[in-house]
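Listed here are the chains, written in short residue letters.
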Amino acid sequence: MGRSDAEREEHAALLAERARLLAERDRLRDELADRFDDFGDSPEEIARQLEQQAADNPAERAQYLTEAAGHWGMADNLERALRLYRAAVADGGPVVGDARVWYATFLLDHGTDLTDNAEQTGLALLETVLAEGTDDYVAYLTAAEMFEERGEFDEALRWLDAGLARQVTLADNADSESDLDLQELAMTRSRIRDALGLPEDSIDRAAEEGRQQWLDQVIGGRSGAAHPSVTSVLYWPESEFAVALKRWPTLREQYETHEEHQRLVERALRDLPSAARIAVATVAGLIDYAEFIGEDPDLAHTRAEYAAELAETGNVVVWPPGRNEPCWCGSGRKYKKCCGRPLND
Ligand SMILES: [Zn+2]
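Keep in mind the model is a prediction, meaning the values are calculated, not measured.

Caption draft 1: Structural context of the coordination of the zinc ion. In the first shell of the zinc ion, the protein supplies Cys327 (SG), Cys329 (SG), Cys338 (SG) and Cys339 (SG), at 2.3 to 2.4 Å from the metal. Taken together, the four donor atoms coordinating the zinc ion and their angles of 103 to 114 degrees define a geometry best described as tetrahedral. Along the chain, the residues that donate to the zinc ion are spaced as C-x1-C-x8-C-C. By relative accessible area, which is 10% here, cysteine 329 ends up buried.

This is how it looks when you write it as structure tokens:
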């Protein structure tokens, strides 16, 4: 496509910056995990609990074994992780994201530390899953993100294209949930295409449009252009939610249940680029604020401005909490057992 040297240089600089940010993200995650390990269970303890749950719940055995394997991996007990991943695959029961994909990414992450042919085995497993196809978008996303972290963007893109094609065929009897799955695949695909220096295509444009619309309207709480660096998502605690829903019809169109609201907030937070915060809304607070600025509280943009105002005045919760910390939603459960679970649990 005849790029100039300047463009190539700029692109290389962007890739370097992206690698630096990914490394920084991993470092912060590790630091957070270490910090909260002091308060909660160690990965080893969690792994043992999950193994027990696998034994107690035959129908969900494969899911629990896969999660236990992940925690053994975190605890650096690679041998035990390997054994449990194999048991989960052999079990054949349902696993969010497909047990074979989790097993394969584990093999590829650890390579020759595990076995001489870990890499070939992992890649072969992934090809099998890709050839078979699955309705579970998490499988495509997980494989793609693994290849992304390895810098193999072409492979990542192949997975995302396949996942999108599959999800589009599912979208006929679409609920809002599968729309969001599509959206997440499309946004990740845009990021990868960007890394490959590919020009924006119609899916990229639809993904960006969808993201804006979704954040602006469904969540109704993205801070406006005046404060672009801090992004806050409005959250209605359960006690306020019921009252707010009765009062404002447009909220009712967005969410039917508090659980759905919680899931969408968590999802928005995971999709936001950085510095995500949760603005905790109250009915009285929104009424006051709307009156103050002379706007209708039943408009998405009024609520977005209210969220920005809460962020501005420090009335926010920083996200994410540590996995073993109390969840941001106020349920009293640990984050990892509450809103921090895989989203299509
Ligand atoms: Zn929660």
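Further notes follow.
Caption draft 2: Expanded view of the nonpolar core. In terms of nonpolar packing, the biggest core is built from 53 residues, with Phe106, Leu126, Trp159 and Leu185 touching the most fellow members. Per-element tally for this core: the top contributor is helix H7 (residues 137-149), with nine residues. Beyond its immediate sequence surroundings of up to four residues, phenylalanine 106 is in contact with Gly73, Leu78, Ala81, Leu82, Tyr85 and Leu114. In this structure, Leu251, Leu264, Leu286 and Tyr289 belong to the second largest nonpolar core, which totals 18 residues.

Caption draft 3: Highlighting the confidence of the model for the protein chain. When pLDDT is averaged along the protein chain, the result is 83; 86% of the residues meet or exceed 70. Here residues 218-229 scores under 50 on pLDDT; set against residues more than four positions off or in separate chains, the count is 39 contacts.

Caption draft 4: Main features of the side chain of glutamine 262. Positionally, glutamine 262 belongs in helix H13 (residues 258-271). The residues touching glutamine 262, leaving out its near neighbours within four places in the chain, are Tyr235, Trp328, Cys329, Cys338 and Cys339.

Parameters and conventions
Residues numbered from 1 in each chain as written. Predicted model: local features only at pLDDT ≥ 70, side-chain atom pairs only at ≥ 80, totals over all residues. Heavy atoms only, no water. Donors = N, O, S within 2.8 Å, 3.2 Å for Na, K, Ca; no water. Tetrahedral: all angles 85-135°; square planar, octahedral: opposite > 155°, others 65-115°. Buried < 20%, exposed > 50% of the residue type's maximum accessible area, 1.4 Å probe, protein only. Core = buried A, V, L, I, M, F, W, Y, C linked by side-chain atoms within 4.5 Å. Helix = DSSP H or I, 4+ residues; strand = E, 2+ residues; numbered from the N terminus. Contact = heavy atoms within 4.5 Å. pLDDT = per-residue confidence, 0-100.

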